[in-house]
Amino acid sequence: MRFFCLSALARAALACGLFFGAAMGAGAQDEIERRVENLLGQMTLEEKIGQLNLISHGPPLRWEDIATGRTGALLNFNNAEDVARAQALARQSRLKIPPIFGLDVLHGFRTQFPLPLGEAAAFSPRLSRLASEWAAKEASHVGVQWTFAPMADLSRDSRWGRIVEGFGEDPHLGSVLTAARVEGFRKGGLATSTKHFAGYGAPQGGRDYDTTYIPPAEMYDIYLPPFRAAVKAGSASFMAAFNALNGMPSTANPWLLTEVLRDQWGFDGFVTSDWAGIHELIGHGIAADGAEAARKAILAGVDMDMMGQLYIKHLPDEVRSGRVPEAVVTEAARRVLRTKMRLGLFDRPDVDPSRVDSVFPSPESRAAAREVTRETLVLLQNRDNVLPVAPGIRSIAVVGPLADSPRDHLGPHAARGHDEDTVTILNGIRRRAQGAGIAVTHAPACDQFCRTTEQLPAAVAAAQAADLVVAVFGEPQELSGEAASRTRTTLNGKQVEVLEALAATGKPIALVLLGGRPLELGALADRIPSILMAWYPGTEGGTAVADVLFGDANPSAKLPLTWPRTAGQMPIYYNRLPTGRPTLANNRFTLGYIDEAVTPLYPFGWGLSYTSFAYRDAAIVTPRLSSGDTLEVSVTVTNTGSRDGQEVVQLYTRDPVASRSRPLRELKAFEKIALKAGEAKEVRLRVPVEELGFHLDDGTYVVEAGDIEVFVGGNSLAGSVGKAQITDTVRIPPSERRASLSPKRL
Ligand code: BGC
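Residues numbered from 1 in each chain as written. Predicted model: local features only at pLDDT ≥ 70, side-chain atom pairs only at ≥ 80, totals over all residues. Heavy atoms only, no water.

(A) Spotlight on the overall build of the chain. A tally of helices and strands in the chain yields 23 helices and 27 strands. With respect to the three principal axes, the spread of C-alpha positions in the chain is 75 × 60 × 50 Å. Buried residues in the chain amount to 62% of all 746 residues. Sequence-distant contacts, at least 24 apart, represent 77% of the contacts inside the chain between residues at least 6 apart. (Helix = DSSP H or I, 4+ residues; strand = E, 2+ residues; numbered from the N terminus. Buried < 20%, exposed > 50% of the residue type's maximum accessible area, 1.4 Å probe, protein only. Contact = heavy atoms within 4.5 Å.)

(B) Structural view of the packing of helix α16 (residues 363-374) against helix α22 (residues 541-549). Across the interface, α16 lies against α22 with an axial gap of 9 Å and an inter-helix angle of 45 degrees. In terms of axis orientation, α16 runs oblique to α22. Judged by the twist between their axes, the crossing of α16 over α22 is right-handed. Contacts between α16 and α22 pair Arg370, Thr373 and Arg374 from the former with Gly541, Thr543, Ala544, Asp547 and Val548 from the latter. Across the contact of α16 with α22, the residue classes tally to two nonpolar, three polar and three charged. (Axes fitted to C-alpha atoms, helices over the stretch in contact; angles between N-to-C directions. Parallel < 35°, antiparallel > 145°, perpendicular 65-115°, else oblique. Left-handed = near helix turned anticlockwise from the far one by under 90°. Nonpolar A, V, L, I, M, F, W, Y, C, P; charged D, E, K, R; others polar.)

(C) Spotlight on the sheet that holds strand β6 (residues 237-240). Strand order across the open sheet formed by eight strands is β9-β6-β5-β4-β3-β2-β1-β10, with parallel pairing between neighbours. Looking at strand neighbours, the two that pair on one side only are β9 (270-272) and β10 (305-306), the edges of this open sheet. Contacts from helix α10 (residues 225-233) reach β5 (191-197) and β6 within the one sheet, and its direction differs from that of β5 by about 160 degrees. Most of the contacts of helix α11 (residues 254-264) go to β9, to which it runs at about 150 degrees, and overall it touches β5, β6 and β9. (Pairing = 2+ DSSP bridges.)

(D) Region of interest: the side chain of Ser395. Tracing the backbone through its elements, the reader meets Ser395 in strand β12 (residues 395-399). Setting aside residues no more than four positions away along its own chain, Ser395 makes contact with Ile438, Ala439, Ala465, Ala466, Asp467 and Leu468.

(E) Structural view of the site of the ligand. Taken together, Leu75, Asp104, Phe148, Arg162, Lys195, His196, Met239, Phe242, Asp274, Trp275 and Glu482 make up the full set of residues adjacent to the ligand. Asp274 is positioned with one of its side-chain polar atoms (N or O) 2.6 Å from an oxygen atom of the ligand. Glu482 places a polar side-chain atom, nitrogen or oxygen, 3.0 Å from an oxygen atom of the ligand. Its free accessible area being 310 Å², the ligand has 91% of it covered by the protein chains. (Near = heavy atom within 4 Å. Polar contact = N/O pair within 3.5 Å; in protein donor to acceptor, adjacent residues only side chain to side chain. Areas by Shrake-Rupley, 256 points an atom, 1.4 Å probe, with all protein chains shown as cover.)

(F) Region of the structure containing the nonpolar core. The biggest cluster of nonpolar side chains holds 118 residues, and the ones touching the most others in it are Leu52, Phe197, Leu224, Phe238, Tyr311, Leu315 and Val329. Counting the residues that make up this core, at least three belong to each of domain 1 (8-342) and domain 3 (613-740). Leu315 has contacts with Ile49, Leu52, Ala294, Ile298, Leu310, Val324 and Val329, leaving out every residue within four places of it along the chain. With 46 residues, the next largest nonpolar core counts Val460, Ala466, Ala471 and Leu559 among its residues. (Core = buried A, V, L, I, M, F, W, Y, C linked by side-chain atoms within 4.5 Å. Domains from an automatic or database assignment.)

(G) Local environment of the packing of helix α8 (residues 171-188) against α10. Here α8 crosses α10 at 30 degrees, and the two axes come no closer than 8 Å. Classified by the interaxial angle, the pair formed by α8 and α10 is roughly parallel. Here α8 runs over α10; the crossing is right-handed. Where α8 abuts α10, its residues Pro171, Gly174, Ser175, Thr178, Ala179, Val182, Glu183 and Arg186 lie against Pro225, Pro226, Ala229, Ala230 and Ala233.

(H) Structural detail: the sheet that holds strand β19 (residues 630-639). The strand order β17-β19-β22 describes an open sheet built from three strands, whose pairing is antiparallel. The open sheet has two edge strands with one neighbour each: β17 (613-620) and β22 (680-688). Strand-to-strand twist in this sheet, taken as the mean axis angle between neighbours without regard to direction, amounts to 25 degrees. Here six bridges tie β17 to β19, and the two strands are oriented antiparallel to one another. Within the sheet, the bridge partner assigned to Arg616 lies in β19 and is Thr636.

(I) Inspection of the pairing of strand β3 (residues 100-103) at higher detail. Side chains of β3 alternate between two faces, with Ile100 and Gly102 and Phe101 and Leu103 buried alike. Looking at chain direction, strand β2 (residues 73-75) and β3 are connected through three bridges and run parallel. Note on β3: the bridge partner recorded for Leu74 is Phe101. Handedness of the crossover joining β2 and β3 through helix α5 (residues 80-91): right-handed. The pairing of β3 with strand β4 (residues 146-147) spans two bridges and is parallel. Within β4, the residue paired with Gly102 across the bridge is Trp146. (Right-handed = clockwise from strand over helix to strand, strands pointing away.)

(J) Quick peek at the state of the cysteines. Inspection of every chain in the model, using the stated rule, returns one disulfide. Disulfide partner of Cys446: Cys450, at an S-S distance of 2.0 Å. Since a negative S-S torsion denotes a left-handed disulfide, the Cys446-Cys450 link at about -90 degrees is left-handed. An identical accessibility class is assigned to Cys446 and Cys450; each is buried. (Disulfide = S-S within 2.5 Å.)

(K) Molecular detail of the pattern of salt bridges. Under the definition given, this model contains 47 salt bridges. A salt bridge links Arg34 to Glu31; the nearest nitrogen and oxygen atoms lie 3.5 Å apart. Residue Arg34 and its partner Glu31 are located together in helix α2 (residues 26-42), separated by three residues, close to a single helical turn. Judged by its relative accessible area of 10%, Glu31 is buried. For Arg370, the salt bridge identified is with Asp547, shortest N-O distance 2.8 Å. Linking Arg370 in helix α16 with Asp547 in helix α22, this pair joins segments that are 177 residues apart in sequence. Look at Arg370 and you get partly exposed, because its relative accessible area is 31%. Relative accessible area serves as the criterion here: at 3%, Asp547 is assigned to the buried category. By sharing partners, the salt bridges in this structure join Glu37, Arg262, Asp303, Glu331, Arg334 and Arg335 into a single network. (Salt bridge = Lys/Arg side-chain N within 4 Å of Asp/Glu carboxyl O.)

(L) Structural context of the packing of aromatic side chains. One pass over the structure, following the stated rule, counts 19 aromatic pairs. Plain terms: the ring middles of Trp563 and Tyr602 are 5.7 Å apart, the flat faces sit at 85 degrees to each other, and that makes the pair edge-to-face. With Trp563 in the loop between α22 and β17 and Tyr602 in the loop between α22 and β17, this pair connects stretches of sequence that are 39 residues apart. Linked through ring pairs, Phe123, Tyr574, Phe604, Tyr652 and Phe670 together constitute an aromatic cluster. When the ring centre of Phe711 is taken as origin, the NZ or CZ atom of Arg665, which lies over that ring, is 3.7 Å away. (Phe/Tyr/Trp six-rings, centres within 6.5 Å; stacked < 30°, edge-to-face > 60°. Lys NZ or Arg CZ within 6 Å of the ring centre and 35° of its normal.)

Listed below in structure tokens is the structure:
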């Protein structure tokens, strides 16, 4: 049985549900618009508003509202039985419009991949696509159709707990990976809701939900590009952010939701609020009651009300009284219906209720998770080559409460991730060591939050008895994610005391850190020679960490954000503007702190390997550039060590003299290459001239004539290659930037 039949033409285009971003012909698009109009023509006002009502499983969902057309969208449905039940009810409704089923599928469904911040450290759009595709395949297997992902909020402040859900601090890396995630989710069968639009990652003081002040030009240059990339990649929907931006809550912000997203970028899907976000307009102090909140939200461009029930309650009266034109409601319903048709929902059979997610993890999904995870592990430091485990090591003491804590491997938002599916770091090391005849002991040293240290003496004894200590500490997953902002980003509890005691044994120590943000390491960075950042590594976390510890895989990940020395340095980011008083060690009246270095502990783009890479013959291939040209830079990278490895070659630029202060460095291109020991490769990195400029407050993009300095290397401290010259100044109004979006993808 099929919902509301489409023509053969549209069915052919949509049958597999592969919709946005696919080369959908103009004929199929027209057919969809025709069918949507036809359907809208049959709908009552209440039925249209029903399409805008998004309700979660559990209270306050009234299942009968699905059958009466009052609830057109559902969230937190995570099993086939419930999805099928709701689909059957929708078939009883007058127009049989299928609901859309959404869920937070962020980094896996049953098989958990690393959290997005960790995934970003792979600097690999291929792996981001792979991880999202798997997440989507598993979720869509049980009928989920729509994910509240990717999170395209960049952040320069890791006090903010949700930094773990994004790609870090860089707009270029963020744009590339956001697009890759949209594509991967789609390939696996999920539509995306790119969130949180916009500025949510820059709350004052790092406090989740707090207000954000970002000048429009900085929005365009820094915070908006990943969202724009999501439009280009074909994101089906967007989610409005909770925060106020420059005094106007995003959920009622016409500049964001209509002017930028629709008029400038040409997005024609729908926007949902975040959870009760419309109701929160009252809290923001811009609406006196639910009716005013609903009115402001829909007039600004929020099409769907997630868990507020304010549209369903107030919009009928708002329309009848003339405060909201009916055309506005019709347009919102049109966007929702258009999206449902593009997704193929009208043409799909209902989900088979007997489907279960326990068919996962499969050997294939585990292999994919292991492949991705290995490339997300950042080797921050490795003095004395403590890693990889040397051939002479006969015994390892694995110490720390997180070493065998599956939940803390999966991290926040783990959808249907199961503890019992998870290979912990302890188990990963055990399995690998067993084959090599290495003895492994485990001592937790303290409880999960490391509040008490009664078990410390046993851990010290275990360390003393071993050839190598692998300490697994960090941030339990409850301390990361939504509503988990921290003023101190130190190792919580008594972890420092425990790690100091382990270091005092004089045994070689490798510290594996779990966590959703850079953690303040203080003196430990000097006391502990080798540190591997493992983020929340997911279902195959233990296997992948063991691969890297034992040298079966060579670490290649790079930091997607700047790692501060202390929380007091935040916000901290590499692409900062210059100052008239750059830091001078012997001059107090220059940029800096009187109690801490101004530099980070590890810079953006940083990460070591077990081999080494040398850069030579870096050259600007295109020293003179006019508009429409592409800056091309070549460099030869050689693996100068004795192991095969991968390097992320990074290109940064700077406009040293402009009409406005420009960042000291900006990542503009990167390429991850594999090099065998001793091998050399020439890499060519390219940047269109149209990406070397900046925005004005009205969205105009300006590329100015003059020099552009170029830097190439393996992290954001990369050395200068020289200067290219741009010969003419170009100004591109927002309307022309829109044209650069591929029309077939919209
Ligand atoms: C979060 C969103 C999420 C939504 C639905 C909200 O609290 O801010 O990111 O998608 O809940 O679970």
